[in-house]
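Geometric and topological summary
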Amino acid sequence: MRIIFKTSYDADIRYFRNRVPALWYLALLLMSIALPFIINEFWLGEFTLMLIWAIAGMGLMLLVGHSGQASLGHAAFMAVGAYSNVILQEYGLPFILSLPLAGFFAGLAGVLVAMPTTKLHGIYMAIATIAIGVLAEDLIVILAPWTGGVSGKFAPSIEIFGINFDRYGNVSGLYWLILGITCLIVLGYKNILRSPLGRSFMAIRDSEISAQAMGVNIARTRTISFALSCAITGISGALMGHFSLVFTNETFNIVISIYLLLMIVIGGLGFIQGAFIGAAIVTFLPSVISFSRDAFFSNSAIIPGIESGLFGAILIFVILFEPMGLYGRWLKIRSYFELFPFYRRDMFRRQKSYLKTERMR
Amino acid sequence: MNLLDLQNVTLRFGGLVAVDNVSFSVKQGEVFSLVGPNGAGKSTIFNMISRFYDPAEGDILFQGQSILKKASHDIPHLGIARTFQNIELFEQASVLQNLLVGRQRHRRSNVLEEILFLPKVRKQEHHHRLAVEHVIDFLDLQPYRDKFISGLPYGIRKVVEMGRALAIGPKLLLLDEPASGLSTEETQDVAFWIEDIKKVMGITVLMVEHDMHLVNSVSDRVLALADGKILTIGTPSEVQNHPDVIKAYIGSDEEDALT
Ligand SMILES: Nc1ncnc2c1ncn2[C@@H]1O[C@H](COP(=O)(O)OP(=O)(O)OP(=O)(O)O)[C@@H](O)[C@H]1O
Ligand SMILES: [Mg+2]
């Protein structure tokens with residue numbers, strides 16, 4: 001075993017434990033920046049989409065993975081972000097203001113939802129949030145004068161200080177812009193995790209009773225986690241609006257909410273990396289399927305629903321064999337190599353753990 | 001001076017009177033123990049002080065002020081820390097993070113400052129870590145600092161619970177069966193720690209414990225409870241030889257607890 005001696009308190013406040021992961025992530029960042037010079041515009045678009053999903057995934061991860069609450073209606077907050085972003089721009093606000101404001105409004109919507117539902121747990125919380133997701137779709141239709149109803153909204157192309165980030169005109173620019181936003185959100189997320197707020201999230205996730213005995217105000221903490229989660233998700237919704245150019249009441253539907261949840265479970269609950277791995281799967285699975293279909297089946301028969309079917313199959317495998325998600329699997333592979341001759345089979349033996357709803361209060 | 005006063009406190013669960021007209025005071029600087037057979041109502045008294053349960057009658061005062069209007073999460077901010085009989089740690093987090101949650105009381109930054117991790121937040125984190133390192137040194141938890149709770153053995157978890165309560169920096173520490181399930185050597189450690197908590201740290205201790213050896217060696221005063229009623233309050237030897245106490249234990253299947 002490697003014993004890490006503490007020479008300063010910053011040792012575990014820093015973003016990275018030591019130089020090795022820091023260098024790897026730096027390499028990853030440089031690769032990401034260089035991506036537009038390596039791949040063509042189609043794939044660059046796919047990577048942009050992946051980043052947008054990853055932002056939405058981080059929003060939900062904060063709620064589900066780090067503060068232990070469920071939401072099956074998170075697409076509703078993407079919708080709040082998408083609509084408020086475009087509506088604010090129609091009032092003449094520049095993107096640079098409308099995007100953070102869209103996040104703010106989505107966060108506000110999160111607070112409104114959180115206040116009455118923070119007393120609910122587990123399955124009840126899930127049902128309440130499904131209801132919100134369904135309600136949001138209807139609200140968009142009802143509020144047609146602002147939202148455009150069933151005919152939807154058209155997102156103008158982004159302009160910042162005269163530079164145009166058009167979806168088709170400046171693919172690399174849009175990618176870099178969204179990469180930058182993603183990095184900022186990752187930094188904010190990491191900061192939350194290493195400060196008292198992140199620890200209070202973790203506390204209410206693992207034991208509400210002792211969180212209270214440590215002085216954590218449960219209702220307040222749950223509301224804050226909802227607000228931050230919805231704000232991040234709202235930002236991803238706003239970006240999704242610009243990416244897909246047109247969106248309607250059906251764009252951010254309940255299936256998107258479920259995909260978001262599956263995404264973070266498959267990626268690995270409780271890890272920021274999990275949101276990215278899940279996003280990569282959601283984004284690239286359809287392409288992988290269509291490519292392998294072309295390669296293996298000459299008659300190019302289209303099997304309806306194969307994507308969600310495969311997605312479901314992956315999910316079942318992950319839950320059965322790797323409850324910590326794909327990122328958890330990677331951690332095990334990594335420590336296998338780090339400790340090579342001393343690896344024990346039962347090192348990651350599963351401890352019986354309970355969902356909060358299963359536990360007696 | 002009395003740190004904690006219970007005045008004619010009664011609590012019922014349906015028809016069961018779990019705590020029946022109980023009054024006692026804990027003085028500043030003492031170790032006060034609650035003993036009694038299973039189901040006597042000891043943990044229920046702790047849960048009332050933590051404001052998880054509302055007493056039906058009576059009042060609970062801390063430093064002369066009633067705490068019955070406070071919410072559970074305000075209690076540690078007053079300076080009351082506790083441990084749980086059935087360990088309630090944050091399982092999916094490291095020992096260090098668990099102890100740092102105890103520092104919630106000393107949080108002086110808001111959400112926005114923390115998202116930006118301003119220098120002020122970093123400085124505050126250093127202070128928290130300094131305080132927590134003292135606790136880690138005191139309880140010899142160095143080897144476990146970065147270990148996740150879910151992988152730790154029972155005995156260590158008990159110590160971490162105590163550490164988390166100490167990290168609050170309390171005036172009054174409530175320990176619910178700190179030695180249950182521990183070996184003789186581990187119990188000996190707990191006895192030394194309680195002595196130091198009282199003498200060196202100047203923290204008043206209210207303890208529930210079945211191990212009479214531990215109770216006798218650390219307590220200044222002992223309260224014996226059975227079926228929610230006070231049998232007697234006195235020095236450890238007075239309580240142990242009190243006829244009602246002996247009768248209460250013979251009535252239960254725990255008579256050997258007193259030997
Ligand atoms: N939440 C509850 N609902 C109903 N009854 C309860 C509840 N909590 C405790 N009781 C009952 O109140 C009585 C006192 O319980 P308490 O947990 O305070 O006992 P205790 O003295 O701590 O015992 P032990 O030594 O076993 O921990 C018991 O009869 C118990 O069954
Ligand atoms: Mg008890």
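The rules behind the values
Residues numbered from 1 in each chain as written. Chains lettered and ligands numbered in written order. Predicted model: local features only at pLDDT ≥ 70, side-chain atom pairs only at ≥ 80, totals over all residues. Heavy atoms only, no water. Near = heavy atom within 4 Å. Polar contact = N/O pair within 3.5 Å; in protein donor to acceptor, adjacent residues only side chain to side chain. Helix = DSSP H or I, 4+ residues; strand = E, 2+ residues; numbered from the N terminus. Nonpolar A, V, L, I, M, F, W, Y, C, P; charged D, E, K, R; others polar. Axes fitted to C-alpha atoms, helices over the stretch in contact; angles between N-to-C directions. Parallel < 35°, antiparallel > 145°, perpendicular 65-115°, else oblique. Contact = heavy atoms within 4.5 Å. Salt bridge = Lys/Arg side-chain N within 4 Å of Asp/Glu carboxyl O. Buried < 20%, exposed > 50% of the residue type's maximum accessible area, 1.4 Å probe, protein only. Pairing = 2+ DSSP bridges. Donors = N, O, S within 2.8 Å, 3.2 Å for Na, K, Ca; no water. Domains from an automatic or database assignment. Buried area = accessible area lost by both parts, 1.4 Å probe.

What follows is about the site of ligand 1. All names here are of chain B. Taken together, 14 residues lie near ligand 1, and Asn38, Ser43, Thr44, Gln85 and His210 sit nearest. In this structure, Ala40 approaches ligand 1 through a main-chain N or O atom, which is 3.2 Å from an oxygen atom. Here Gly41 contributes a backbone N or O atom positioned 3.0 Å from an oxygen atom of ligand 1. Looking at the shell around ligand 1, the elements with two or more residues in it are β2 (16–27) and α1 (42–49). Examining the composition of the shell around ligand 1, we find that three residues originate from one element, α1, more than from any other. For the shell around ligand 1, the per-class residue count stands at five nonpolar, seven polar and two charged.

This brings us to the packing of helix α2 (residues 41–66) of chain A against helix α8 (residues 196–206) of chain A. Residues and elements named next belong to chain A. Two elements in contact, α2 and α8, have axes separated by 9 Å at closest approach and are oriented at 50°. Put simply, α2 runs oblique to α8. On α8, the residues touching Leu62, Gly65 and His66 of α2 are Phe201, Met202 and Arg205. Of the residues belonging to the contact of α2 with α8, the class tally is three nonpolar, two polar and one charged.

This brings us to the pattern of salt bridges. Residue and element names in this part refer to chain B. Scanning the model with the defined rule gives 16 salt bridges over all chains in all. Glu161 is the partner of Arg164 in a salt bridge, and the nearest nitrogen-oxygen pair spans 3.6 Å. Pair noted here: Arg164 and Glu161 are both in helix α6 (residues 154–167), with a separation of three residues, about one helical turn. For Arg164, a relative accessible area of 0% gives the class buried.

We now examine the sheet that holds strand β8 (residues 204–208) of chain B. Paired through their backbone hydrogen bonds, the strands of a sheet run either parallel or antiparallel. Residue and element names in this part refer to chain B. Spatially, β6-β7-β8-β3-β9-β10 is the arrangement adopted by the six strands of the open sheet, whose pairing is mixed. Since the sheet does not close on itself, it has two edges, and those belong to β6 (80–82) and β10 (229–234), each with one partner. Between one strand and the next, the sheet's axes are offset by a mean angle of 15°, whatever the strand orientation. Across three bridges, the pairing between β6 and strand β7 (residues 172–176) is parallel. For Arg82, the partnering residue across the bridge sits in β7 and is Leu174.

A few words on the coordination of the magnesium ion (ligand 2). Each angle at a metal carrying four tetrahedral donors should ideally be 109.5 degrees, and each at a metal carrying six octahedral donors should ideally be 90 or 180 degrees. Residue and element names in this part refer to chain B. Only Ser43 (OG) and Gln85 (OE1) from the protein reach the magnesium ion (ligand 2) as donors, at distances of 1.9 to 2.0 Å. Of this pair, Ser43 sits in helix α1 while Gln85 sits in the loop between β6 and α3 (95–101), placing them 42 residues apart in sequence. For Gln85, a relative accessible area of 28% puts it in the partly exposed group.

Residues and elements named next belong to chain B. Split by domain assignment, chain B resolves into domain 1 (1–79 + 170–259) and domain 2 (87–168). Here domain 1 and domain 2 have C-alpha centroids that lie 26 Å from each other. On the domain 2 side, the residues contacting the 19 residues of domain 1 number twelve residues. Across the interface of domain 1 and domain 2, roughly 1,300 Å² is buried in total on both sides, 74% from carbon and sulfur atoms. If you sort the residues of domain 1 by the area they bury against domain 2, His77, Pro170 and Trp193 come out on top, with a joint share of 39%. Run the count over domain 1 and domain 2 and you get four residue pairs in polar contact (both at pLDDT 80 or more). Looking at the side of domain 1 that touches domain 2, the elements with two or more residues in it are α2 (75–78), β7 and α7 (184–199).

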